[in-house]
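# Structural overview for review
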Amino acid sequence: MGPGHPDFLTTTTHELGHILGFGEADSWHSQIDNARGTFLGASSVAAYGNPVPLDQYRMHWAYGTASTLDGILQNTMMDPSTVKGQRELPTVLDYAGFRDIGWQASPVPEPGEWGMLLAGLGLIVFATRLRQAPTRGMMSRQNIAAPILC
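The rules behind each value
- Within each chain, residues carry numbers counting from 1 in the order of the written sequence.
- Thresholds applied to this predicted model are a pLDDT of at least 70 for local features of residues and 80 or more for the giving and counting of side-chain atom pairs; totals over whole chains, interfaces and linings are not thresholded and use all residues.
- In computing side-chain properties, one takes all heavy atoms of the structure into account and sets aside hydrogens as well as water.
- The buried label goes to any residue with under 20% of its type's maximum accessible area, the exposed label to any with over 50%, and the partly exposed label to all in between, with areas taken from a 1.4 Å probe on protein chains only.
- Strands are runs of DSSP state E lasting at least two residues, helices are runs of H or I lasting at least four, and both sets are numbered from the N terminus onward.
- By the convention used here, residues are in contact when the closest approach between their heavy atoms is within 4.5 Å.
- Only strands that DSSP links by at least two bridges are regarded as paired with each other.
- In this description, a nonpolar core means a group of buried Ala, Val, Leu, Ile, Met, Phe, Trp, Tyr and Cys residues linked to one another through side-chain atoms lying within 4.5 Å.
- Each polar contact in these results corresponds to two N or O atoms within 3.5 Å; when the atoms are within protein, one needs to be able to donate a hydrogen and the other to accept it, and residues that are neighboring in sequence are counted only if both atoms are side-chain atoms.
- Put simply, a salt bridge is a Lys or Arg side-chain nitrogen that is within 4 Å of an Asp or Glu carboxyl oxygen.
- Note that patches include only residues with greater than 30% relative accessible area and no salt bridge, and the join distances are 9 Å for like charges and 5 Å for nonpolar side chains (Val, Leu, Ile, Met, Phe, Trp, Tyr).
- Accessible areas in this description were obtained via Shrake-Rupley with a 1.4 Å probe; residue shielding takes into account the shown protein chains only.

Across the nine residues of helix H4 (residues 92–100), seven count as buried, placing the element largely inside the fold. Elements in contact with the buried residues of H4: helix H1 (8–19), helix H2 (26–29), strand S2 (38–39), helix H3 (42–48), strand S3 (52–53) and strand S4 (66–69). A positive backbone phi angle near 110 degrees is found at Gly102, which sits one or two residues after H4.

Next up, the structure:
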């Protein structure tokens, strides 16, 4: 990722949202007020405070729709645009939209420094034991007697 380039994680997560039905599923389309171009899902309306404006194709939140992530206001991940070089993660409103179409979605907190350290050490121990596993309990080539040819 760098200035002028799309963020891979943001783009991938956004597109996975569509695969999961955001803007695509019948459960999405059944909650749209087409006359007003808004989404009426109960969780989304509660998170946004009003019916949520949609883009012209009714597949995304409207351009510039904002919500919070960890208490900080930002553009939603499921609006049709992303700022190149900037990471966007799902906001409260994005998760609400997924709940409205039938998913049990909520943010997963990132582990703290100690959690990451312990997970990393665990992976190192696991990898070391995995490398040793094929030779454990087996005879090495040096311990096998050569056949006697008569």
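Pairing in this open sheet of three strands is antiparallel, and the strands run S1-S2-S3 from one edge to the other. Strands at the two margins of the open sheet, each flanked by one partner only, are strand S1 (32–33) and S3. The pairing of S1 with S2 spans two bridges and is antiparallel. Paired with Asp33 across the strands is Thr38, a residue of S2.

Counting 14 residues, the largest nonpolar core has Phe22, Trp28, Phe39, Leu54 and Trp61 as its most contacted members. Sorting elements by how many residues they give to this core places H4 first, with three residues. Setting aside chain neighbours within four positions, we find Phe22 in contact with Gly17, Trp28, Met59, His60, Trp61, Met78, Asp94, Gly97, Phe98 and Ile101.

Locating Arg36 in the fold gives a position in the loop between S1 and S2. By relative accessible area, Arg36 is classed as exposed at 68%. Separated by 18 residues in sequence, Arg36 and Leu54 place their C-alpha atoms 9.0 Å apart. A polar contact of 3.0 Å, which involves the side chain of Arg36, links it to the side chain of Asp33.

To continue, consider the environment of Leu69. Along the polypeptide, Leu69 turns up in strand S4. It is 6.3 Å that separates the C-alpha atoms of Leu69 and Val92, two residues lying 23 residues apart in sequence. Not counting residues up to four positions away in its chain, the partners in contact with Leu69 are Gln74, Leu89, Pro90 and Thr91.

Okay, the pattern of salt bridges next. Tallied over the entire structure, the rule returns two salt bridges. The shortest N-O distance in the salt bridge between Asp7 and Arg87 comes to 2.9 Å. Of this pair, Asp7 sits in the segment before H1 while Arg87 sits in the loop between strand S5 (72–75) and H4, and the two are 80 residues apart along the sequence. Here Asp33 and Arg36 are joined by a salt bridge, their closest N and O atoms 3.0 Å apart.

In this fold, His14 is placed in helix H1. A polar contact is formed between the side chain of His14 and the backbone oxygen of Met77, at a distance of 2.8 Å. If we ignore the near neighbours within four places in the chain, the residues touching His14 are His60, Met77, Met78 and Asp79.

Attention now moves to a nonpolar patch on the surface. On the surface, a cluster of nonpolar side chains totalling about 580 Å² of accessible area is made up of Trp114, Leu117, Leu118, Leu121 and Ile124. The topology assignment puts Ile124 in helix H5 (residues 113–132). Here Ile124 falls in the exposed class, since its relative accessible area comes to 53%.

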